[in-house]
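Structure at a glance
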Amino acid sequence: MGNYILVIVLGIMIGSFLNRCIYRIPNGESIWISKSCCTTCGQVLSNLESIPVLSYLVLGGRCKHCKSKVSTHYIGIGLLTGASFGIVYYRFGASMETVLGCTFVSFAIVLAMIDWDEMILPTSIIRWGIGVGCMGQILQAKVMDNYLGLVDALMGAIVGYLLLALVFYCSKWLLKKEGMGYGDVRFMGMIGLFVGLHTLFLSLLFSSVLASIYGIILLKIKKKSEPYPLGHFLSIGGVLVFLWGNNL
């Protein structure tokens, strides 16, 4: 039980850093140099004020200095990351698979939220995800002394990228406009690296079904077709398959 609590707390703390990435990267700001500050008054937060979730609850969801309301977005991401880490640990225990899973979840959350807010999937984050994912897969192969998983992961990345690239260019040719952003193509390559070739198509199936359901609901509500972010659904499909794809 103690291990679960530690993993969840670690996830909440990392979720605080993910919030910084979600807010700063689309604005071209550094995530490393400056300290966290209130987005309304610009006041730099103290170490105590920077404690994720706890500071939000203690301060009643308001800035200590200007009393402006802090978005529930921040506490939501922290709790989501903590819960996700707990689920990954419950699924795989103390293993390299858990490290890979928590890494994947972290990148998936950041990319999904940025796509939802800004309708973009930053290439820099995807490159970091691919780089860290490659190192994790290589390390896992060395620890297990089995390189078949590494080959499967690399093939998943290549096929995932090429498959969505084919959809991208075909839809562009047929519709005379982009049917999706090219960031989705790169993101699918990253997802393929983590889920592997053997469950890649299941991941794409889940994502497509979820996106289609959302698109139909949106069409019924707004009575017109309009673009919506795909990153959310790629993230959900990828994470679900990473956790339970082999069983399914």
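Per chain, residues are indexed from 1 in the order of the written sequence. Given that this is a predicted model, residues contribute local features only at a pLDDT of at least 70 and side-chain atom pairs are listed and counted only at 80 or more, while totals for whole chains, interfaces and linings are drawn from all residues. Side-chain measures here rest on the full set of heavy atoms in the structure, leaving out hydrogens and waters.

The protein chain is annotated in an unreviewed UniProt entry as Prepilin leader peptidase/N-methyltransferase from Candidatus Cellulosilyticum pullistercoris. UniProt positions are given in the numbering used here, feature names are shortened, and annotations may be inferred rather than shown by experiment. You can read under Function (unreviewed entry) in the UniProt record for the protein chain the words "Plays an essential role in type IV pili and type II pseudopili formation by proteolytically removing the leader sequence from substrate proteins and subsequently monomethylating the alpha-amino group of the newly exposed N-terminal phenylalanine." What UniProt states about the protein chain under its Catalytic activity (unreviewed entry) heading is, verbatim, "Typically cleaves a -Gly-|-Phe- bond to release an N-terminal, basic peptide of 5-8 residues from type IV prepilin, and then N-methylates the new N-terminal amino group, the methyl donor being S-adenosyl-L-methionine."

Next up on the list: the overall build of the protein chain. For the protein chain, the helix and strand inventory stands at nine helices and zero strands. Runs of H or I in DSSP of at least four residues are treated as helices and runs of E of at least two as strands, each being numbered from the N terminus. Mapped from its N terminus to its C terminus, the protein chain presents α and β elements in the order α-α-α-α-α-α-α-α-α. Each residue gets one of three labels from its accessible area relative to the maximum for its type: buried under 20%, exposed over 50%, partly exposed in between, using a 1.4 Å probe on protein chains only. Across the 248 residues that make up the protein chain, the buried fraction comes to 41%. For the protein chain, restricting intrachain contacts to residue pairs at least 6 apart in sequence, the fraction spanning at least 24 positions comes to 65%. Using a 1.4 Å probe, the Shrake-Rupley method yields the accessible areas, and only the shown protein chains count as cover for residues. Entry remark: accessible area of the protein chain is about 13900 Å², with carbon and sulfur atoms responsible for 68%. Contacts were defined at the residue level, with two residues in contact if any of their heavy atoms lie within 4.5 Å.

Bringing the layout of surface pockets into the picture now. Cavities and pockets were defined on a 1 Å grid built from protein atoms only: a cavity is a group of points that admits a 1.4 Å probe but offers it no way out, a pocket is an open group of points flanked by protein on both sides within 12 Å along at least five of seven lines, and a lining residue is one with an atom within 4 Å of any such point. Grid points are joined across faces, edges and corners, and a volume is the space filled by probe spheres set on the points. Within this model, the second largest pocket holds a volume of roughly 860 Å³. Considering the residues around the second largest pocket, the lining is formed by 30 residues, among which Gly179, Met180, Pro227, Tyr228 and Leu230 are closest to the centre. When contributions to the lining of the second largest pocket are tallied by element, the ones reaching two or more residues are helix H6 (148–175), helix H7 (182–195) and helix H8 (197–222). It is H8 that contributes the most residues to the lining of the second largest pocket, eight residues altogether. Amino acid classes used here: Ala, Val, Leu, Ile, Met, Phe, Trp, Tyr, Cys and Pro are nonpolar; Asp, Glu, Lys and Arg are charged; the rest, including Gly, are polar. Residues of the lining of the second largest pocket, tallied by class, amount to 16 nonpolar, eight polar and six charged.

Let us now look at the side chain of Gln140. Within the secondary structure layout, Gln140 lies in helix H5 (residues 123–144). Given a relative accessible area of 11%, Gln140 falls into the buried group. Each polar contact in these results corresponds to two N or O atoms within 3.5 Å; when the atoms are within protein, one needs to be able to donate a hydrogen and the other to accept it, and residues that are neighboring in sequence are counted only if both atoms are side-chain atoms. Here the side chain of Gln140 touches Glu97 through a polar contact of 2.5 Å, side chain to side chain. When near neighbours in sequence (up to four residues on either side) are disregarded, Gln140 contacts Met96, Glu97 and Leu100.

Looking now at the packing of helix H1 (residues 2–24) against helix H4 (residues 96–118). The axes used here are C-alpha line fits, helices contributing only the stretch in contact, and every angle between their N-to-C directions lies in the interval 0 to 180 degrees. Where H1 meets H4, the closest approach of the two axes is 10 Å, and the angle between their N-to-C directions is 35°. Note on packing geometry: the crossing formed by H1 with H4 is right-handed. Across the interface between the two elements, Ile14, Leu18, Cys21 and Ile22 of H1 pack against Ser106, Ile109, Val110, Met113, Ile114 and Asp117 of H4. Taken together, the residues that form the contact of H1 with H4 break down as eight nonpolar, one polar and one charged. The handedness criterion is simple: a crossing whose near helix is rotated anticlockwise from the far helix by less than a right angle is left-handed, and one whose near helix is rotated clockwise is right-handed.

This brings us to the nonpolar core. Proteins that are soluble and globular tend to have nonpolar side chains buried together. Definition of nonpolar core: a set of buried residues of the types Ala, Val, Leu, Ile, Met, Phe, Trp, Tyr and Cys, connected through side-chain atoms within 4.5 Å. Core analysis: the largest hydrophobic core is formed by 41 residues, its most contacted members being Phe104, Val110, Leu111, Phe187, Met188, Met190 and Ile191. Contributing elements (two or more residues each) for this core: H1, helix H3 (72–92), H4, H5, H6, H7, H8 and helix H9 (231–244). Tallying contributions element by element places H4 first for this core, with 11 residues. For Met190, the residues in contact, after removing those within four places along its chain, are Phe104, Phe107, Leu111, Ile126, Gly129 and Ile130.

So, about unusual backbone geometry. The backbone phi angle of Met119 is positive, close to 60°, even though this residue is not glycine. Inspection of the secondary structure assignment puts Met119 in the loop between H4 and H5. Unlike most non-glycine residues, Asp145 shows phi in positive territory, near 55°. Inspection of the secondary structure puts Asp145 in the loop between H5 and H6. Classification of Asp145 by relative accessible area gives exposed; the value is 63%.

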